[in-house]
Amino acid sequence: MPIRLDSADPDFEQRFVQLLEGKREASQDVNDTVAAIIADVRRRGDVAVVELTNKFDRSHVAPDTLAISADEIARAAASVPDTIRAALQTAHDRIWAHHVKQKPEDHIYTDHLGVTLGTRWTPVDAVGIYVPGGLASYPSSVLMNAVPAQVAGVARIAMVVPTPNGEINPAILLAAQIAGVTEIYRIGGAQAVAALAYGTASIARVDKVVGPGNAYVATAKRQVFGQVGIDMIAGPSEVLVIADGSANPAWVAADLIAQAEHGAGAQSILVTTEKGLADTVAAEVDRQLALLPKQEIARQGWDEFGAIITVTSLDEAALLANRIASEHVELAINDPQGLLPAIRHAGAIFLGHHTPEAIGDYVGGSNHVLPTARSARFASGLGVLDFMKRTSILGCDPSSLSALSEAAVTIAEVEALHGHGQSISIRLNR
């Protein structure tokens, strides 16, 4: 059963901290295994990637079949029903329309001394996108990772996707086709991350690796960081629903279940000002779970990691939400805009009763690659800026250099970097 907390209870703070600190990932030490895989791929390249892929994915690939051909992509995409194609195209178009508004502009100006200052934005040259392809096979993740990169102007996007038993969801390849991704490899796991980061004879290295994966993928991304950039280390998914008396308990229950069915430690939390609503939602979750075609994963997630917290006010709910810093925060309240400014730490916020988190997963337009495990306190969701670099621009003429030189040379002398000072003063005949 999910835990029940009441902020009025004397032991609330202790139990709330336990909830925050609860571990939701398998206590599996994969560092050594992943390090060995990365070293093997660096040493043996394609040979290692092929051996590991055939071992873990029960596939039969060879170096010359690592890449999924254009014909294979076209055939798979053509096999997808038109209704799915239309839905993915709608998602793509909305994601593009939203993300194109994030693209920054260069800003260069001249200040009162005549110094040219500014910022120039340029895209990353090459990006690798990891797409899960096993039990979690999400064509929406292809769009969420590829579209911002395309908007940013990334010239080369290489996608890796595992194909357990040689199989792949055709919708994955259709989503890639819609997003304009043509370089796709049938590999996954830590070996795929290593191949993207260091390159092999068949797979050119990239500059940044993005996308979700299991513990081995997350650990591999952590270990190759520095060699390449990464987006984030994603943990189990999570939702926090803040509800008042205006909330529909059936809708709230459905949203909690939607998150719990991700499994693998996914967490659903309800924070409400109404004790009656808390009881009704708990009963409604049980009722709806019984009707779910695949209820085992969702029921396990709800029972192990779910929580219902009653509070005295929405202000208090906002304070707890900021401490939880959830990946998704739903404001199932009468005045979501009124509470919005108080929610400072969240990966994404969903406003009002008619904005279920799942609409953001697919077609809302915002990105569903979001910070988890309380990292929303300092991190943001995936966006166009993740695929761009900011370069500072600075230019002096003789007059502006002269105006700045005295202060600059003084600081150089304070830091005992006399060569720095000389490089300035030599230009002024001093």
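These lines cover the structure that appears in this document, whether it is placed above or below. Note that this is a predicted model, so its numbers are computed, not measured.

A short note on the overall build of the protein chain
And step 1. Helix and strand counts for the protein chain stand at 17 helices and 14 strands.
And step 2. Expressed as lengths along the three principal axes of its C-alpha atoms, the size of the protein chain is roughly 85 × 60 × 45 Å.
And step 3. Every one of the 430 residues in the protein chain was classed for burial, and the buried ones make up 48%.
And step 4. For the protein chain, the proportion of contacts with a sequence separation of at least 24, taken over those separated by at least 6, is 73%.
And step 5. Summing over all exposed atoms, the protein chain offers an accessible surface of approximately 20500 Å²; the carbon and sulfur share of this is 54%.
And step 6. One finds the centroid of the 33 positive side-chain charges in the protein chain at a distance of 5 Å from the centroid of its 48 negative side-chain charges.

Here's the deal with the packing of aromatic side chains
And step 1. Applying the stated rule across the entire model yields one aromatic pair.
And step 2. Their ring planes at 20 degrees and their centres at 5.5 Å tell us that Phe12 and Phe16 sit as a pair that is stacked. Here the residue Phe12 and the residue Phe16 both occupy positions in helix 1 (residues 12–21), the gap between them amounting to four residues, near one helical turn. The residues Phe12 and Phe16 share a single accessibility class, namely buried.

Quick look at the sheet that holds strand 12 (residues 328–332)
Sheets are built from strands that pair by backbone hydrogen bonding, the pairs being arranged parallel or antiparallel.
And step 1. Strand order in this open sheet of six strands is 1-11-10-9-12-13, and the pairing throughout is parallel. What marks the edges here is a single partner per strand, and that holds for strand 1 (3–6) and strand 13 (348–351). On average, each strand axis in the sheet is tilted by 15 degrees relative to the strand beside it, whichever way the strands run.
And step 2. Where strand 9 (residues 238–243) and strand 12 come together, five bridges link them in parallel fashion. Note that in strand 12 the partner of Leu240 across the bridge is Val329.
And step 3. Most of the contacts of helix 10 (residues 249–260) go to strand 10 (residues 267–272), to which it runs at about 155 degrees, and overall it touches strand 9, strand 10 and strand 12.

A look at the environment of Gly395
And step 1. On the secondary structure map, Gly395 appears in strand 14 (residues 388–395).
And step 2. Setting aside its immediate chain neighbours within four residues, Gly395 contacts Gly114, Val115 and Thr116.

Things to note about the packing of helix 5 (residues 82–99) against helix 7 (residues 170–179)
And step 1. It is at 10 Å that the axes of helix 5 and helix 7 come closest, and there the two elements cross at 45 degrees. Taken together, helix 5 and helix 7 sit at an angle that is classed as oblique. Our pair here, helix 5 against helix 7, has a crossing hand that is right-handed. Between helix 5 and helix 7, the residues in contact are Arg85, Leu88, Gln89 and His92 and Ala171, Leu174, Ala175, Gln177, Ile178 and Ala179, respectively.

Considerations on the sheet that holds strand 2 (residues 107–110)
And step 1. The three strands are arranged 2-3-14 in an open sheet whose pairing can be described as antiparallel. In this open sheet, the two edge strands, each paired with only one partner strand, are strand 2 and strand 14. Here the average twist between neighbouring strands, direction ignored, is 20 degrees.
And step 2. Looking at chain direction, strand 2 and strand 3 (residues 116–123) are connected through four bridges and run antiparallel. Along strand 3, the bridge assignment pairs Tyr109 with Leu117.

Looking at helix 13 (residues 314–324)
And step 1. Considered for burial, the residues of helix 13 that qualify are Glu316, Ala317, Ala318, Leu320, Ala321, Asn322 and Ile324.
And step 2. Close packing links the buried residues of helix 13 with helix 1, strand 9, strand 10, strand 11 (307–310) and helix 14 (336–339).
And step 3. Positioned one or two residues after helix 13, Ala325 has a phi angle of 50 degrees, which is positive.

Considering the nonpolar core
And step 1. Ranked by internal contacts, the top residues of the largest apolar core, which has 41 residues, are Ile129, Leu143, Met159, Val181, Ile184 and Phe387.
And step 2. With eight residues, helix 6 (residues 139–152) is the single largest residue contributor to this core.
And step 3. Filtering out sequence-adjacent residues up to four positions away, Phe387 remains in contact with Thr122, Pro123, Val124, Val127, Asn145, Pro148, Ala149, Ala152, Val154, Val210 and Leu382.
And step 4. Judged by nonpolar contacts, the second largest core, of 31 residues, contains Ala194, Leu196, Ile203 and Val228.

Quick word on unusual backbone geometry
Note: most residues except glycine have negative phi, and most peptide bonds are trans.
And step 1. The phi dihedral of Arg58 falls on the positive side, at around 55 degrees, and the residue is not glycine.
And step 2. The residue Ala325 is not glycine, and still its phi comes out positive at about 50 degrees.
And step 3. One can find Ala325 in the loop between helix 13 and strand 12.
And step 4. On the basis of relative accessible area, Ala325 is assigned to the buried category, the value being 0%.

As for the pattern of salt bridges
And step 1. This model, assessed by the stated rule, comprises ten salt bridges.
And step 2. For Arg4, the salt bridge identified is with Asp279, shortest N-O distance 2.7 Å. Taken together, the residues span a long stretch of sequence, with Arg4 in strand 1 and Asp279 in helix 11 (residues 275–291) at a distance of 275 residues.
And step 3. By relative accessible area, which is 36% here, Arg4 ends up partly exposed.
And step 4. Judged by relative accessible area, which is 44%, Asp279 ranks as partly exposed.
And step 5. Members of the salt-bridge network, linked through shared partners, are Asp40, Arg43, Arg44 and Glu51.

A word on the environment of Trp96
And step 1. Position of Trp96 relative to the elements: it lies in helix 5.
And step 2. Along the primary structure Trp96 and Ile68 are separated by 28 residues, whereas in three dimensions their C-alpha atoms are 25 Å apart.
And step 3. Look past the residues within four positions of Trp96 in its chain and what remains in contact with it is Val147, Gln150 and Val151.

So, helix 16 (residues 398–414)
And step 1. If you check helix 16, its first and last C-alpha atoms are 24 Å apart, about what 17 residues at 1.5 Å a residue would give, namely 24 Å.
And step 2. Along helix 16, the sharpest kink reaches roughly 45 degrees, centred on Ser405.
And step 3. Taken together, the buried positions of helix 16 are Ser400, Leu401, Ser405, Val409 and Ala412.
And step 4. Residues of helix 16 that are buried make contact with helix 17 (418–425).

Thresholds, definitions, all that
- Residues numbered from 1 in each chain as written.
- Predicted model: local features only at pLDDT ≥ 70, side-chain atom pairs only at ≥ 80, totals over all residues.
- Heavy atoms only, no water.
- Helix = DSSP H or I, 4+ residues; strand = E, 2+ residues; numbered from the N terminus.
- Buried < 20%, exposed > 50% of the residue type's maximum accessible area, 1.4 Å probe, protein only.
- Contact = heavy atoms within 4.5 Å.
- Areas by Shrake-Rupley, 256 points an atom, 1.4 Å probe, with all protein chains shown as cover.
- Lys, Arg positive; Asp, Glu negative; His and termini not counted.
- Charge placed at Lys NZ, Arg CZ, Asp CG, Glu CD.
- Phe/Tyr/Trp six-rings, centres within 6.5 Å; stacked < 30°, edge-to-face > 60°.
- Pairing = 2+ DSSP bridges.
- Axes fitted to C-alpha atoms, helices over the stretch in contact; angles between N-to-C directions.
- Parallel < 35°, antiparallel > 145°, perpendicular 65-115°, else oblique.
- Left-handed = near helix turned anticlockwise from the far one by under 90°.
- Core = buried A, V, L, I, M, F, W, Y, C linked by side-chain atoms within 4.5 Å.
- Salt bridge = Lys/Arg side-chain N within 4 Å of Asp/Glu carboxyl O.
- Expected span 1.5 Å × (residues − 1).
- Bend = angle between axes of the 7 residues up to and from the residue.

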